[in-house]
Amino acid sequence: ELKVEQNPLFLSMQEGKNYTIYCNYSTTSDRLYWYRQDPGKSLESLFVLLSNGAVKQEGRLMASLDTKARLSTLHITAAVHDLSATYFCAVDMSMNRDDKIIFGKGTRLHILP
Amino acid sequence: NAGVTQTPKFRILKIGQSMTLQCTQDMNHNYMYWYRQDPGMGLKLIYYSVGAGITDKGEVPNGYNVSRSTTEDFPLRLELAAPSQTSVYFCASRLTGVNTEAFFGQGTRLTVV
């Protein structure tokens, strides 16, 4: 059974600081997704990571994937209040001949002005 | 394109009642998913479908049923509602053969009392 673990689960940080959210998973996969969810809203796709060493950047967010370590990171540079949200990683099981997408518990990010 | 549309947006059920959560997508996606999200938690996969006539269980299928008679529609049925099914339900779809992420509907907030 695939386990997807994010840490931290909650993060409160000051504007202007840098921080990294980690996503570890327990089985082979070469596809991983990052989503953002604002309170009371649906999930918005941020990044699609499709191979080992993949790196994607959008504004102050950068995501990477290390399939050998079964680890993805979401790095926040010089955080701003607008980035306050819950961030989820999700692992695609297709490499295991499985069609599921399994989510982590999410990281609730609160950026203090 | 409307994307993924879920109805209703909100619903209150009494214990033992049944209902169907509707999900339709107009993107001609072959894969569709149902997730539930409990307060402060991540998303748990209930059922998924890789095409019309094909469905499979996810992580938490007990108490739910699905059908997929068309590419567009993937309804989720609760037969005997229980308080433990109080949650926000999200439907998602994606296209395989192309490396894309899943796109989510706006969610249905269900309360069982």
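Every chain is numbered independently, its residues counted from 1 as its sequence is written. In the order they appear in the text, chains get letters beginning with A and ligands get numbers beginning with 1. Per-residue local features of the predicted model are confined to residues with pLDDT of at least 70, and side-chain atom pairs are confined, for both listing and counting, to 80 or more; whole-chain, interface and lining totals are unaffected and use all residues. As a rule here, side-chain values cover all heavy atoms of the structure and leave hydrogens and water aside.

Considerations on unusual backbone geometry
- Here N7 of chain A and P8 of chain A are connected by a cis peptide whose omega angle stands at 0°.
- Of note, P8 of chain A is situated in the loop between β1 (4-7) and β2 (10-14).
- A cis amide bond links T7 of chain B with the next residue in sequence, P8 of chain B, at an omega value of -5°.
- Among the secondary structure elements, P8 of chain B is positioned in the loop between β1 (4-7) and β2 (10-13).
- Its identity as a non-glycine residue notwithstanding, R70 of chain A has a phi of 55°, on the positive side.
- Going along the chain from the N terminus, every DSSP run of H or I of four or more residues is numbered as a helix, and every run of E of two or more is numbered as a strand. In this structure, R70 of chain A sits in the loop between β7 (61-66) and β8 (71-76).

Details of the sheet that holds β8 of chain A
All names here are of chain A.
- A pair of strands is treated as paired once DSSP finds two or more bridges between them. One open sheet accounts for 5 strands, arranged β1-β3-β8-β7-β6; its pairing is antiparallel. Strand pairing shows two members of the sheet lacking a second neighbour, β1 and β6 (55-58), which therefore form its edges. Neighbouring strand axes in the sheet, compared pairwise and without regard to direction, differ in orientation by 15° on average.
- For β7 and β8, the ladder comprises 6 bridges, and the chain directions are antiparallel. Here an angle of 0 to 180 degrees is reported between the N-to-C directions of two axes, which are lines fitted to C-alpha atoms, with helices fitted over the stretch in contact.

Details of the interface of chain B and chain A
- A contact between two residues is defined here by any heavy atoms of the two lying within 4.5 Å. Counting residues at the interface gives 24 residues for chain B, matched by 22 residues for chain A.
- A simple way to read buried area is as the amount of 1.4 Å-probe accessible surface that goes missing from two parts once joined, with both sides added. Taken together, the two surfaces of chain B and chain A that pack against each other cover about 1,800 Å², and 55% of this comes from carbon and sulfur.
- Salt bridges are defined as contacts in which a side-chain nitrogen from Lys or Arg sits within 4 Å of a carboxyl oxygen from Asp or Glu. In this assembly, chain B and chain A are joined by 1 salt bridge.
- A salt bridge links R94 of chain B to D92 of chain A; the nearest nitrogen and oxygen atoms lie 2.7 Å apart.
- Breaking the side of chain B that touches chain A down by element, the ones donating at least two residues are β4 (31-37), β5 (43-51) and β9 (87-94) of chain B.
- All amino acids are sorted into three groups, where Ala, Val, Leu, Ile, Met, Phe, Trp, Tyr, Cys and Pro are nonpolar, Asp, Glu, Lys and Arg are charged, and the leftover types, Gly among them, are polar. Of the residues in the side of chain B that touches chain A, the class split is 11 nonpolar, 8 polar and 5 charged.

What about the pairing of β6 of chain A?
All names here are of chain A.
- Sheet analysis places β6 next to β7, joined by 4 bridges and oriented antiparallel. Of the residues in β7, the one forming a bridge with Q57 is M62.
- Between the end of β6 and the start of β7, which pair antiparallel, lie 2 residues, with G59 showing a positive phi angle near 65°.

Here we look at the pattern of salt bridges
- Counting across every chain of the model gives 6 salt bridges over all chains.
- Between D98 of chain A and K100 of chain A there is a salt bridge; the shortest N-O distance is 3.1 Å.
- Burial classes: relative accessible area under 20% of the type maximum marks a residue as buried, over 50% as exposed, and values in between as partly exposed (1.4 Å probe, protein chains only). For D98 of chain A, a relative accessible area of 14% corresponds to the buried category.
- The salt bridge involving D38 of chain B is made with R36 of chain B; its shortest N-O contact spans 2.8 Å.

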